[in-house]
Amino acid sequence: MENKDYVSVLIGKDPDFDAWFTAFFLKNHIDPFAYPSKVGSKEQVEFMVFPEEGERYYPCSDKMFTAIMSRKYTAFLKQRYKQVYQKIMAMIDELIDSEYDKQYLKTLIDIKYDDEISAGLLIPSRLEKRLHKIFLSRTHIENPYAREKETVNQNAKRFLESEILKKALNQVDETLQLSPDITLVHLREKIKEIEFVRRITLLTQSRTWTQENQKLPSLNRIKKIFNTPIMGDGLSPLISLMKAKKQKILWLADESSDIVLDLSIAEFLAELGHIVILAVKESPFFKKVCLADTRTDPVLIRELENAHYIYEKTISKNKLVNLLKHDKNLYVISDGTRETLNLLLVSTTFSRIFKEVDCVISRGRSQKKRLIDSHFRFTQNIINISVMKKSLLITYKPRHGAVIKFSHQALEEKANRIIDQMKSAKGKGMTVMFYSGIIGSIPGKIDVAKKIMSTFIDYLEKQSANLFIINPSLYYEPGMDADDLMYMWEIVQRSSYIDIWRFQTSDDIAETFALLNQKVPPEWIGKDSTYSTGCTKEIRIAQEVQKENPEMQLIAPSIDKFMRRNEYGVGSMYDRRLADF
């Protein structure tokens, strides 16, 4: 469970410690400043992780982080390094026949291994990824365990489709206790709950599928499996999730030996009306389930033939929401990585989905260490399902209490309230203007930008009769990011109630500072709406709206100047290229 005794790292007190702390991120290639194109920005990481007092997230357990930061090269750290080394060496022995190639690879791994662990700064999972990458690049074996994974999945599928399992799942036993006043609704819920728990207990049998010519278990054996002890505090939240109305669930897959049973549970949840988004690895990584498996494994191809694949690595909130509104209940994405779960390196799409769903279900012990056992808190409820010897461990970590989440329904409601104001103004014979301008495009200047916009809009309203102006700066709420705002405003902007759409000019800004009896500060000189990433997106919407409604007046700087800003830094309100200034 969560490490409540952990003390957060405090930077700024000990320069030697701070240097080691920085070196830790550099050595593991997880520093966003050194590797900006690979490591998620602070805003993107905060889609998933809720930081306490400005602490910095790291992708390992608290125990591992403490061992590395102690600078003592502990026995625990050495043992974990050794386990990684042995795993790679076993892989070489198993898959390489040529004695020359085998010795060559082992010597190369020895050299790289000694170099990587010399300082004791490397997270073992990052070591594992690097050594695995060497194996793949030198052998040109794309998916080393593909055949083994296919065989395991065939065995698991044979069991799931067997008549003996169907009979066992449908048998009534003492778990279905009927009271005299039970209703049909309650009875149906109870039956679904019993079947759901039974399917979960089957996860303890994943090792069975790895054995060749394994006989199907008897009916009595299956009944014993159904009675597998379930430990931990997560079963009740999991059942509550199952019973809730149409939940969006991100399912983090783990080992290939589990995936067929995972999918049977996901399909069960989908049949109840839930949306399940299955996350797998971007590329082959030992026996983890990867995107290639879903496209080449005959069993997975059949199981996922009706699933919708999301291949985009940087999907927008608008597109994601629209995708999830389709009649599909099962989706497949990759997390964007080839390693043990690392939230610093996952794709933008994965981060955004993590933020948008109602719950995250993670599978396996390695994910439990990073999500449940870590002191870090997250933006979503986390449930982990792991097998512990002959029992099942289901653990739960609620999302941080301070998380503010705006569902797309809530944003749509906000948009519709603004549209109602526009309708009312139009009904009174007023002209409706939408004013687009800089809000967050200059980092650290949001309050100044809001004051500039509000001051100028007040000036326009005083100068004009019967003019109703939408002031976007008044509708920002704590917890909203650029994705939320753009989703809400696009609904308003496409409502067809705008008569004049005005984009902020440099003259507007200069005049505003004159109204405030101030000189224009250096950072605002020459700025206009073309400097805003949001306005760049909005000018395209405005052009589309004007085609549908030619009577709408568009007042803006030259259109060609808007092409300088292309995409937000994920979760932030300024262009990703501005973060360095």
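Numbering of residues starts from 1 in each chain and follows the order in which that chain's sequence is written. With the structure being a predicted model, the display of local features is reserved for residues of pLDDT at least 70 and the display and counting of side-chain atom pairs for 80 or more, all residues being used for whole-chain, interface and lining totals. The side-chain values count all of the structure's non-hydrogen atoms but skip hydrogen atoms and water molecules.

### Topic: the overall build of the protein
The helix and strand inventory of the protein stands at 22 helices and 14 strands. C-alpha extents for the protein along the principal axes are approximately 85 × 70 × 45 Å. The classification of residues rests on relative accessible area computed with a 1.4 Å probe and restricted to protein chains. Under 20% of the type maximum is buried, over 50% is exposed, and intermediate values are partly exposed. Within the protein, buried positions represent 52% of all 581 residues. Where accessible areas are quoted, they stem from the Shrake-Rupley method and a 1.4 Å probe; at the residue level, only the protein chains shown are allowed to cover. Roughly 27,700 Å² of accessible area belongs to the protein as shown, and the carbon and sulfur atoms make up 51% of that amount. Residues scored as positive are Lys and Arg, those scored as negative are Asp and Glu, and His as well as the terminal groups of each chain are ignored. Note on charges: their place is set at NZ of Lys, CZ of Arg, CG of Asp or CD of Glu. Taking the 86 positively charged and 78 negatively charged side chains of the protein as two groups, their mean positions are separated by 3 Å. Each helix is a run of DSSP H or I of at least 4 residues and each strand a run of E of at least 2, with the numbering of both proceeding from the N terminus.

### Observations concerning the sheet that holds strand E7 (residues 359-363)
Pairing between two strands requires that DSSP report at least two bridges joining them. With mixed pairing, the 8 strands of this open sheet are ordered in space as E2-E10-E9-E7-E3-E4-E6-E5. Looking at which strands have only one partner, the edges of the open sheet turn out to be strand E2 (230-231) and strand E5 (308-309). For strand E4 (residues 275-280) and strand E6 (residues 330-334), the ladder comprises 5 bridges, and the chain directions are parallel. Each residue of the ladder has a partner; that of leucine 278, found in E6, is valine 332.

### Structural notes on the pattern of salt bridges
Here, a salt bridge means any side-chain nitrogen of Lys or Arg that lies within 4 Å of a carboxyl oxygen of Asp or Glu. Under the criterion given, the structure shown has 32 salt bridges. Two residues, lysine 355 and glutamate 356, come together in a salt bridge whose shortest N-O distance is 3.6 Å. With respect to class, lysine 355 is no different from glutamate 356; both count as buried. When the shortest N-O distance is used, the salt bridge between aspartate 508 and arginine 502 registers 2.8 Å. The residues aspartate 508 and arginine 502 share a single accessibility class, namely buried. The structure contains a network of salt bridges with shared partners spanning Lys27, Lys112, Glu116 and Arg130.

### Examining the packing of aromatic side chains
Working definition: rings of Phe, Tyr and Trp (its six-membered ring) pair if their centres are within 6.5 Å, and the pair is stacked with planes under 30 degrees apart, edge-to-face with planes over 60 apart, and tilted otherwise. Tallying each qualifying case throughout the model produces 20 aromatic pairs. A centroid spacing of 5.9 Å and a plane angle of 40° characterise the contact between tyrosine 435 and phenylalanine 456, whose relative ring orientation is tilted. Pair noted here: tyrosine 435 is in strand E11 (residues 431-436) and phenylalanine 456 is in helix H19 (residues 446-463), with a separation of 21 residues, a long-range link. Of the residues examined, tyrosine 435 reaches a relative accessible area of 0% and is grouped as buried. For phenylalanine 456, a relative accessible area of 2% gives the class buried. Aromatic pair tyrosine 475 and tryptophan 489: ring centres 5.4 Å apart, planes at 90°, arrangement edge-to-face. With tyrosine 475 in the loop between strand E12 (467-470) and helix H20 (482-493) and tryptophan 489 in helix H20, this residue pair connects regions lying 14 residues apart in the sequence. Given the relative accessible area of 22%, tyrosine 475 is considered partly exposed. Cluster of aromatic residues (ring-pair linked, three or more members): Phe17, Phe21, Phe24, Phe25, Tyr57, Tyr58, Phe65 and Phe376. We call a charge positioned above a ring when the Lys NZ or Arg CZ atom is no farther than 6 Å from the ring centre and deviates by at most 35 degrees from the ring normal. Over the face of the ring belonging to tyrosine 145 we find lysine 287, whose NZ or CZ atom lies 5.0 Å from the ring centre. The side chain of lysine 355 reaches across the aromatic face of phenylalanine 47, ending 5.3 Å from its centre.

### Points about the packing of helix H1 (residues 15-27) against helix H3 (residues 62-69)
With their axes 10 Å apart at the nearest point, H1 and H3 run at an angle of 125° to one another. Comparing the axis directions of H1 and H3 gives the class oblique. Along this stretch, H1 crosses H3, giving a crossing that reads as right-handed. From H1, Phe17, Trp20, Phe21 and Phe24 reach across to H3, where they touch Phe65, Ile68 and Met69. When residues are sorted by character, Ala, Val, Leu, Ile, Met, Phe, Trp, Tyr, Cys and Pro go into the nonpolar class, Asp, Glu, Lys and Arg into the charged class, and all the rest, Gly among them, into the polar class. Class assignment for the residues of the contact of H1 with H3 results in 7 nonpolar, no polar and no charged. Axis definition: a line fitted to C-alpha atoms, over the contacting stretch in the case of helices. Angles run 0 to 180 degrees between N-to-C directions. Angle categories are assigned with fixed cut-offs, so that under 35 degrees is roughly parallel, over 145 is roughly antiparallel, 65 to 115 is roughly perpendicular, and the rest are oblique. Take the far helix as your reference; a near helix turned counterclockwise from it by less than a right angle gives a left-handed crossing, and one turned clockwise gives a right-handed crossing. Residues are treated as being in contact if the distance between any of their heavy atoms lies within 4.5 Å.

### Brief notes about the sheet that holds strand E14 (residues 553-555)
Read from one edge of the open sheet, 4 strands run E12-E11-E13-E14, paired in parallel fashion. At either end of the open sheet lies a strand with only one pairing partner, and these are E12 and E14. Going across the sheet, the axis of each strand differs from the next one's by a mean of 20°, ignoring polarity.

### Focus on the pairing of E4
A large share of E4 lies buried, amounting to 6 of its 6 residues. By the alternation rule, side chains of E4 split into Ile275, Ile277 and Ala279 and Val276, Leu278 and Val280, which are all buried. One ladder, built from 5 bridges, connects strand E3 (residues 248-252) with E4; its direction is parallel. By the bridge assignment for E4, lysine 248 is matched with isoleucine 275.

### A few points about the nonpolar core
In this structure, Phe24, Leu250, Ile277, Leu343, Phe350 and Phe378 are the most contacted members of the largest nonpolar core, which totals 68 residues. Non-local contacts of isoleucine 277, meaning those with residues more than four positions away in its chain, are made with Ile249, Leu250, Trp251, Leu324, Tyr331, Ile333, Ile353 and Val357. In this text, buried Ala, Val, Leu, Ile, Met, Phe, Trp, Tyr and Cys residues form a nonpolar core when linked through side-chain atoms within 4.5 Å. The next biggest cluster of nonpolar side chains, apart from the first, holds 48 residues, and it includes Phe196, Leu241, Val332 and Leu392.

### Considerations on the environment of valine 332
Position of valine 332 relative to the elements: it lies in strand E6. Accessibility expressed as a relative area gives 0% for valine 332, which makes it buried. With 24 residues separating them along the chain, valine 332 and histidine 308 place their C-alpha atoms 6.2 Å apart. Once you skip the residues sitting within four places of it in the chain, valine 332 turns out to touch Leu278, Leu291, Leu304, Ala307, His308, Tyr309 and Ile310.

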